[in-house]
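# Observations on the three-dimensional arrangement
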Amino acid sequence: MSTSKNTDALEPKRLPRHVAVIMDGNGRWAKKHGVTRLRGHEAGAKAVRAVIEACRAIGGIETLTLYAFSSENWRRSKTEVSGLFRLLSKYIRLELDNLNAEDIRVVFIGQTKGLPKRVIADLEESRELTKNNRSMQVNFAVNYGARAEIADACRAVAEEVKAGRLQTTNIDEESVARHLYDPSSRDLDLVIRTAGEMRLSNFMLWQASYAEIVVTRTLWPDFRKRHLYSALREYQARTRKFGGRRGR
Ligand code: FPP
């Protein structure tokens, strides 16, 4: 569990290239502060801004993936779900110019089915506007579930077979990986989960196969640069083995 608080130097050569955050604890933060859950999510949106800025400033982190709305989040009250989507749209509209000015590419991963038209349009606009940006990629996982992503990829593989472009005997990991929602994103190096829960919650199960997982008790709305640095230092202190004997 990550505890260190300062922003000591990191080893630039050992930075994770793909970092993801399971942003958890907005509700607990709201309860702690005696405000509505929606206010907790709004406070969470401020942390999103801070963490994107910090990752961009560090340099070397190529992709940051943020779990904004899971396919299971539909089970929440209608008020919370529509509030979350309104917040997401507001965030994108407010931040898009900044993200673009920072040369950040915005990508959406998840299923569009069921999403409000406004959200789909905002995500599409941000993707289109930033598609040639190169400093960093930010993936927003919205209506995302890893099992659905893998099932969707399998369906696409089956279509390739049906069309005669692929033989079943040639299906391998690469055949599935090229149909993931963003095939250009490399495997995850580091998954950070806030609010102390030690689970992946149907998040990037394929891409997280060899990821290091850092869990912090900090609630997402309180998460800032120093917590990110702490997680990155914990990552750098790990030995990655990828199933072998030595780290690489
Ligand atoms: C988990 O907290 C968080 C979410 C379900 C939504 C994440 C959304 C944001 C951080 C705000 C908007 C996002 C963007 C990208 C601008 P929880 O409600 O499950 O917390 P709890 O477990 O304490 O109840």
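This text gives an overview of the structure that appears in the document. Because the structure is predicted, anything quoted here is derived from the model rather than measured.

## What about the site of the ligand?
Taken together, 18 residues form the shell around the ligand, and within it M23, G27, R28, R37 and R76 come nearest. Between an oxygen atom of the ligand and a side-chain N or O atom of R76, the distance comes to 2.7 Å. Protein contacts shield 92% of the accessible area of the ligand, which totals 620 Å² for the unbound molecule. Those elements that provide at least two residues to the shell around the ligand are α1 (26-33), α2 (37-58) and α3 (78-101). Per-element accounting of the shell around the ligand gives the leading share, four residues, to α3.

## Some thoughts on the sheet that holds strand β3 (residues 104-109)
Strand order across the open sheet formed by six strands is β3-β4-β2-β1-β5-β6, with parallel pairing between neighbours. Across the chains shown, the open sheet's two edge strands, defined by having one partner strand only, are β3 and β6 (212-215). In this sheet, adjacent strand axes meet at a mean angle of 20° when their direction is disregarded. Of the pairings in the sheet, the one linking strand β1 (residues 18-22) to strand β5 (residues 190-193) comprises four bridges and is parallel in character. Bridge pairing in β5 links A20 to V191. Set on the sheet, α2 makes contact with β2 (63-70), β3 and β4 (136-144); between it and β4 the angle comes to about 145°. Across the face of the sheet, helix α7 (residues 225-236) comes into contact with β5 and β6 while running at roughly 135° to β5.

## Here's the deal with the packing of aromatic side chains
Counted by the stated rule, this structure contains ten aromatic pairs. Ring geometry for Y67 against Y144: centres 5.9 Å apart, planes inclined by 80°, an arrangement best described as edge-to-face. Within this pair, whereas Y67 is found in strand β2, its partner Y144 is found in strand β4, the two being separated by 77 residues in sequence. Exposure remark for Y67: the relative accessible area of 8% places this residue in the buried category. Here the aromatic rings of Y144 and F203 are separated by 6.0 Å at their centres, their planes lie at 70°, and the arrangement is edge-to-face. Here F203 lies in the loop between β5 and β6 and Y144 lies in strand β4, a separation of 59 residues in the sequence. Each residue in the set Y67, Y144, Y181 and F203 is aromatic and connected to the rest through ring pairs, giving one cluster.

## Some details on the packing of α1 against α2
Two packed helices can be described by the angle between their axes and the distance between those axes. Where α1 contacts α2, the axes come no closer than 8 Å and their chain directions differ by 115°. α1 and α2 meet at a crossing whose hand is right-handed. Together, N26, G27, W29 and A30 of α1 and R37, R39, G40, H41, A43 and G44 of α2 make up the contact between the two elements. Residues of the contact of α1 with α2, tallied by class, amount to three nonpolar, five polar and two charged.

## Digging into the pairing of β1
Among the five residues that make up β1, five are buried, leaving the element largely enclosed by the rest of the structure. Residues H18, A20 and I22 line one face of β1 and the alternating positions V19 and V21 line the opposite face, and both faces are buried. Direction of pairing for β1 relative to β2: parallel, over a ladder of five bridges. When the sheet's bridge partners are listed, V19 is paired in β2 with L64.

## Regarding the pattern of salt bridges
A full pass over the atoms with the stated rule returns 24 salt bridges. D24 is the salt-bridge partner of R28, the closest N and O atoms lying 3.2 Å from each other. Look at D24 and you get buried, because its relative accessible area is 17%. The residue R49 makes a salt bridge to E53 at a minimum N-O spacing of 4.0 Å. Separated by four residues within a single helix, R49 and E53 lie in helix α2, roughly one turn from each other. E53 gets classed as partly exposed once you look at its relative accessible area, which sits at 48%. Several salt bridges converge on common partners, so that one network encompasses R186, D189, E212, E234, R238 and R240.

Calculation criteria
- Starting from 1, residues in each chain are numbered consecutively following that chain's sequence as written.
- Thresholds applied to this predicted model are a pLDDT of at least 70 for local features of residues and 80 or more for the giving and counting of side-chain atom pairs; totals over whole chains, interfaces and linings are not thresholded and use all residues.
- Computation of side-chain values covers all heavy atoms of the structure but excludes hydrogens and water.
- Distances are taken per atom, and a residue is near a molecule or strand as soon as one of its heavy atoms is within 4 Å of it.
- Think of a polar contact as two N or O atoms within 3.5 Å of one another; within protein, one of them needs to be a possible hydrogen donor and the other a possible acceptor, and neighboring residues in sequence only count if both atoms come from side chains.
- Calculation of accessible area relied on Shrake-Rupley with a 1.4 Å probe; when residues are assessed, cover is drawn exclusively from the protein chains displayed.
- Numbering of helices and strands runs from the N terminus; a helix is a DSSP stretch of H or I covering at least four residues, while a strand is a stretch of E covering at least two.
- Criterion used throughout: strands pair if DSSP finds at least two bridges between them.
- To get an axis, fit a line to the C-alpha atoms, keeping to the stretch in contact for a helix; angles then go from 0 to 180 degrees between the N-to-C directions.
- Note on contacts: a residue pair qualifies if any of its non-hydrogen atoms lie within 4.5 Å across the two residues.
- Any two rings among Phe, Tyr and Trp, with Trp reduced to its six-membered ring, count as a pair given centres within 6.5 Å; such a pair is stacked if its planes are under 30 degrees apart, edge-to-face if over 60, and tilted if neither.
- Between buried and exposed lies partly exposed: a residue is buried under 20% and exposed over 50% of the maximum accessible area for its type, with that area taken using a 1.4 Å probe on protein chains only.
- Crossing handedness follows the turn of the near helix against the far one: under a right angle anticlockwise gives a left-handed crossing, and clockwise gives a right-handed one.
- Amino acid classes used here: Ala, Val, Leu, Ile, Met, Phe, Trp, Tyr, Cys and Pro are nonpolar; Asp, Glu, Lys and Arg are charged; the rest, including Gly, are polar.
- By definition, a salt bridge exists where a carboxyl oxygen of Asp or Glu is found within 4 Å of a side-chain nitrogen of Lys or Arg.

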